[in-house]
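One-letter residues, chain by chain:
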Protein chains: 2
Amino acid sequence: MSVVEQMKLFLEPRSIAAVGISRQTGPQAYNLLENLLHYGYEGRLYPVNPNAKEILGVKTYPAVGEIPEVADVALISLPRNLVVPVVQDCLQKGIKAIVIITQGFADADDVEGPQLQRRIVDMAKAAGARILGPNTFGVANAQLKMSTSYIRIPMEVNGIGTVSQTGGTFVGLNDIRLVGKVVDVGDACDVDAVDSLHYFEQDPDTRVVVLHVEGMPDAKGFLAAVRRVALKKPILCIKTGRSAQSARAVQSHTGAMTGSDLLWDVALRDAGAIRVNDIEELSDAARAFLRLPPPRGNGIGVTTYTGGFGIIAADACGRYGMDLVEFSEPTMAALKALSPEWLGVGNPVDIWPGVSIMGHSRQEMETTVLRHVLSDPKVHAAMAVISAYEPRLGDEHLAMIRDVARDFPDKPFVYFMYGMHFEEVRRTLESTGTTLAFPSPERAVRALMHLKRRADYLARHIARTGSPPRR
Amino acid sequence: MSVVEQMKLFLEPRSIAAVGISRQTGPQAYNLLENLLHYGYEGRLYPVNPNAKEILGVKTYPAVGEIPEVADVALISLPRNLVVPVVQDCLQKGIKAIVIITQGFADADDVEGPQLQRRIVDMAKAAGARILGPNTFGVANAQLKMSTSYIRIPMEVNGIGTVSQTGGTFVGLNDIRLVGKVVDVGDACDVDAVDSLHYFEQDPDTRVVVLHVEGMPDAKGFLAAVRRVALKKPILCIKTGRSAQSARAVQSHTGAMTGSDLLWDVALRDAGAIRVNDIEELSDAARAFLRLPPPRGNGIGVTTYTGGFGIIAADACGRYGMDLVEFSEPTMAALKALSPEWLGVGNPVDIWPGVSIMGHSRQEMETTVLRHVLSDPKVHAAMAVISAYEPRLGDEHLAMIRDVARDFPDKPFVYFMYGMHFEEVRRTLESTGTTLAFPSPERAVRALMHLKRRADYLARHIARTGSPPRR
């Protein structure tokens, strides 16, 4: 079986055997079966529990051997000293994909944990099966309405494929669901990030790959896989264990070695991954890659309701290498026509005098100015600085924003919004499907920078090889 | 009249003359009188409009001279060519504090604007009056339910005093209201940041000063004022116009020169101000100073539900100079007693096995472990990494958190929360009044770092002078 076929058993199972399903249900029971029923997973479910006939209306089996088919994947969630015999049962049954959720193997503080883990790996290898974990939340796939995590999570079919060494990613970040699809490699005794990258490389649903890495025993093989996938899809990488003290913590988390942080930095960039420094940068960049077109250059135009916040925005442009261009003559003429005579028009463009003095409506001023700015050939991307002091935008306003995006399909524009109604206004704005809003100019410009850098990376590849990367 | 008495006329007016109040009201009319009535300002209001007898039920006057008292402050919101004669009227009436909201003076692109501005300043000086602006949102004071901004803003009595060169600060940031009290110095033709600092220095309601600076004609006098105030209250400073291109934008915004960014960096730190790089850092730090005690050292303990996010948190500690201490023996013993035997207990402390394997409830595990960590003499601050995958915390849980804070009054603790219910869980958590929650570990630790640095600054002052700063 190819690696991809093997990984499909984990990520696209038609049937699941779940060993260690308790009769306890409800809050704080963390019942995997209950979760799968809750999501509406449509595959076949075979809970294993020798002390029950049915749980939540689903027939249970006393042992894996009694299940009427060879399930695509087996989940094992049992105290660690019971895991080995159950793995044996699964292998005897012919199951080729086994998720060991249980903690306390290579991540444990004693001799026995690592020993048990080696034994399991040897058994699986001999039977041609693969092990995911131990110490893992397993896998999730929003399209199948399936997650093997204890914790009930929100999922969203969104084009994100995540490879992780932590279950935290299942729960997701504040602004984005990382499921999509997720593999938590846990202690990575067998299935690892490279296998997972193989899967996401070919998966037509995955448009952006998110990679959480603590340490990597085979850095060379890993980087080769990253290099290959990065030519097809953006890879956002959060590599942790940067300092000496956090590297010690990694050791006790998954038993992995972190390696030199600086070397990782260089190697990841060289391989075409986009290394992000924190989870907000990660979710901002992921949202940008899902939603916005890549800019063709680093020229940026900024429109603003307040001069002061326009300058804060200009500082952010400077920090992230976007060039606050001087507008061309036709752009300047158009902007001047909308403003009082005394206004020193430039970039950033102050749009408030056009509203307060010239009497243009806010929605008209915002979208007309944005349109003029994006029309400028020097401008490759735009940021609008607006306040969120009213709770929503009107339908007409949203339609105007959609029209701007339609007319400039290769120029991303984003919003920096301030004020107490941020979350509500962001929701309505982003419902257009054409733009993103951020709570600071730094985050808005940083997201544009990542789009630009990715475009540059692909351009360099074409320059070097003479051909665009295969899709 | 002393500077402070003069500034009180602006910030604590008992009566307001408002020149240029339109009869138009409702959305997009930006009517200052309507706003003041809406807030419930309880002082006396004198709108001036020669074409109306009353507006919104308030008697209007044809000219400033007709008002039956000398108002504490006059607001002028008129086209720029009408401003000079009205300033003259105000001065003749004996008004000593004048806010010129109108744009288009030193910030204009022509010769006339700056000329008009000089004339106004000369007139006021001769009459012993002060001018705030032009090109300003004016002032706001949540305690008086008063704001002179066009834009209707949310206010909150919260101990923040803001000095700004932009009206954007009136609208506030996403996580915090900067009003409190605000002075927008605008073009700063007369009243400037130094005058405003004088006011906030002595104002008993102000516990944290927020300073937004673009440029400063008298940097030396400004820094001396900062140095004096910083010994009494934390000053958070956002100094913009960092790059060459944004410095150009400042020039056209308020006519100020920005100066060398590096020199500003050194000078502000030397004067005891806390320079922040972006508005999220600003609001995070302001919230920390309002809510949390200063830590006595940089030792930090981290508790977490996921090893992976614990390591991300450890990375953040390394980045911001907090020391992830090795726990003392009694702490280790207490933590081990709560965990399965095989768990490698350390810092960060993984609390999930205590829930999933040992059967402790989440609220019990979270607060008991936090308590053990804070009991460690090496620990001066703590961060708890928790998921926000359920929409709220129960009352019992909140009471337990309050108790922890009560028992460790000199050790701040904060939360890094991830997951889709972040906003809701944060609101309930912060309703305890004793802690803060952040959407990334970087932001949580950075806020603690600012508290620590401020404590260090005051300690150095005591070491140098032998006496604590006056309060």
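Residues numbered from 1 in each chain as written. Chains lettered and ligands numbered in written order. Predicted model: local features only at pLDDT ≥ 70, side-chain atom pairs only at ≥ 80, totals over all residues.

Novice: What's the story with the overall build of chain A in this structure? I'm lost.
Specialist: For chain A, the helix and strand inventory stands at 17 helices and 20 strands. Based on the C-alpha atoms only, the size of chain A along its principal axes is roughly 85 × 50 × 40 Å. Expressed as a percentage of the 471 residues in chain A, the buried residues total 58%. (Helix = DSSP H or I, 4+ residues; strand = E, 2+ residues; numbered from the N terminus. Buried ≥ 20, exposed ≤ 12 C-beta atoms within 10 Å, placed from the backbone.)

Novice: I tried to follow the pairing of strand β1 (residues 15–19) of chain A on my own but got confused; where do I start?
Specialist: Residues and elements named next belong to chain A. Burial of β1 is extensive: four of the five residues sit out of reach of the surface. In the classification by handedness, the crossover that spans β1, the intervening helix α2 (residues 32–39) and the parallel strand β2 (residues 44–48) is right-handed. Bridge count for β1 against strand β5 (residues 73–76) is four bridges, and the pairing is parallel. In the strand pairing of β5, A17 is matched with A74. (Right-handed = clockwise from strand over helix to strand, strands pointing away. Pairing = 2+ DSSP bridges.)

Novice: Just to check I follow, could you spell out the relation of the copies chain B and chain A for this structure?
Specialist: Here two copies of a chain appear, and what relates them is a rotation about an axis with a shift along it. Mapping chain B onto chain A is achieved by rotating through 180° and translating by 0.0 Å along the same axis, at an RMSD of 0.0 Å. The superposition operator between the copies reduces to a two-fold rotation axis. Closest approach to the rotation axis among the C-alpha atoms of chain B is made by E423 of chain B, whose C-alpha sits 4.8 Å away. By residue overlap, the copies meet face to face through one surface: 100% of the interface positions of chain B are interface positions in chain A. (Least-squares fit on C-alpha atoms with pLDDT ≥ 70 in both. Contact = placed C-beta atoms within 7 Å.)

Novice: Looking at this model, I keep getting lost on the nonpolar core. Mind explaining?
Specialist: Burial of nonpolar side chains together is a common tendency in soluble globular proteins. The biggest cluster of nonpolar side chains holds 316 residues, and the ones touching the most others in it are I98 and M383 of chain A together with A74, I98 and M383 of chain B. Not counting residues within four places of it along the chain, the set of residues in contact with A74 of chain B comprises A17, V19, V64, C90, I95, I98 and V99 of chain B. (Core = buried A, V, L, I, M, F, W, Y, C linked by C-beta atoms within 7 Å.)

Novice: What is the right way to read the packing of helix α14 (residues 362–375) of chain A against helix α15 (residues 395–407) of chain A from this model?
Specialist: Working note: a packed helix pair is described by the angle between its axes plus the distance between those axes. Residue and element names in this part refer to chain A. Relative to each other, α14 and α15 sit at 5°, their axes nearing to 10 Å. Between α14 and α15, the angle falls in the class roughly parallel. Across the interface between the two elements, Q363, T367, L370, R371 and L374 of α14 pack against E396, H397, M400, I401 and V404 of α15. Along the lines of polarity and charge, the residues of the contact of α14 with α15 split into five nonpolar, three polar and two charged. (Axes fitted to C-alpha atoms, helices over the stretch in contact; angles between N-to-C directions. Parallel < 35°, antiparallel > 145°, perpendicular 65-115°, else oblique. Nonpolar A, V, L, I, M, F, W, Y, C, P; charged D, E, K, R; others polar.)

Novice: Just to check I follow, could you spell out the pairing of strand β1 (residues 15–19) of chain B for this structure?
Specialist: A regular strand places its side chains so that they alternate between the two faces of the sheet. For β1 of chain B and strand β2 (residues 44–48) of chain B, the ladder comprises five bridges, and the chain directions are parallel. Residue V19 of chain B lies in a different strand from β2 of chain B, and its bridge partner there is V48 of chain B.

Novice: What is the right way to read the interface of chain B and chain A from this model?
Specialist: The figure often quoted for interface size is the accessible area lost as the parts come together. Facing 68 residues of chain B, the contacting portion of chain A comprises 68 residues. Elements that contribute at least two residues to the side of chain B that touches chain A include exactly α5 (168–171), α8 (244–254), α10 (279–291), α11 (307–319), α13 (352–356) and α16 (422–430) of chain B. Looking at which element gives the most residues to the side of chain B that touches chain A, the answer is α11 of chain B, with nine residues. Of the residues contributing to the side of chain B that touches chain A, the split by class is 26 nonpolar, 32 polar and ten charged.

Novice: Even after reading the chapter, I still don't get helix α14 (residues 362–375) of chain B, so can you show me in this structure?
Specialist: All names here are of chain B. For α14, which comprises 14 residues, the first-to-last C-alpha distance of 20 Å matches the rise-based estimate of 20 Å (1.5 Å per residue) to within 8%. When you tally the buried positions in α14, you get ten out of 14 residues, the bulk of the element. Those residues of α14 that sit buried are R362, M365, E366, T367, T368, V369, L370, H372, V373 and L374. (Expected span 1.5 Å × (residues − 1).)

Novice: Whenever I open this one, the domain arrangement of chain A confuses me. Can you help?
Specialist: Residues and elements named next belong to chain A. Taken as a whole, chain A is organised into domain 1 (3–287) and domain 2 (293–459). Here the C-alpha centroids of domain 1 and domain 2 sit 40 Å apart. Across the boundary between the two partners, domain 1 contributes eight residues, which contact nine residues of domain 2. Considering every element that reaches the side of domain 1 that touches domain 2, the biggest residue donor is helix α10 (residues 279–291), with five residues. The residue makeup of the side of domain 1 that touches domain 2, split by class, is three nonpolar, one polar and four charged. (Domains from an automatic or database assignment.)

Novice: Looking at this structure, I do not really get unusual backbone geometry. What am I missing?
Specialist: One can expect most non-glycine residues to show negative phi and most peptide bonds to be in trans. Residue and element names in this part refer to chain B. The omega torsion of the bond from G133 to P134 falls at -10°, within 30 degrees of zero and hence cis. Summarising the element assignment, P134 is placed in the loop between β7 (130–132) and β8 (139–141). Here N347 and P348 are connected by a cis peptide whose omega angle stands at 5°. Residue position: P348 is located in the loop between α12 (329–337) and β17 (349–350). The backbone phi angle of N135 is positive, close to 65°, even though this residue is not glycine. Note that N135 resides in the loop between β7 and β8.

Novice: Got a minute to help me understand the sheet that holds strand β14 (residues 274–275) of chain A in this structure?
Specialist: Strand pairing in a sheet is mediated by backbone hydrogen bonds. Such pairs are either parallel or antiparallel. All names here are of chain A. The strand order across the open sheet built from seven strands is β9-β8-β11-β10-β12-β13-β14, with neighbouring strands paired in mixed fashion. Among the strands making up the open sheet, the edge pair consists of β9 (146–147) and β14. Here strand β13 (residues 235–239) runs beside β14; their pairing, made up of two bridges, is parallel. By the bridge assignment for β14, L236 is matched with I274.

Novice: Help me understand the confidence of the model for chain A, please; the structure alone is not making it clear to me.
Specialist: Low pLDDT means the predicted coordinates in that region are not meant to be read closely. Model confidence for chain A is summarised by a mean pLDDT of 93, while 97% of its residues fall at 70 or above. For this predicted complex, the interface confidence comes out at an ipTM of 0.89, alongside a pTM of 0.91. (pLDDT = per-residue confidence, 0-100.)

Novice: Can you help me understand the environment of P377 of chain A in this one?
Specialist: As for its placement among the helices and strands, P377 of chain A is situated in the loop between α14 and β18 (381–387). Placed 46 residues apart in sequence, P377 of chain A and T331 of chain A show a C-alpha to C-alpha distance of 9.4 Å.

Novice: Looking at this model, I keep getting lost on the sheet that holds strand β7 (residues 130–132) of chain A. Mind explaining?
Specialist: All names here are of chain A. Judged by pairing direction, the sheet is parallel, and its five strands sit side by side in the order β2-β1-β5-β6-β7 without closing on themselves. Across the chains shown, the open sheet's two edge strands, defined by having one partner strand only, are β2 and β7. Direction aside, neighbouring strands of the sheet carry axes that sit 20° apart on average. Its contacts with the sheet put α2 on β1, β2 and β5, and the angle it makes with β2 is roughly 165°.

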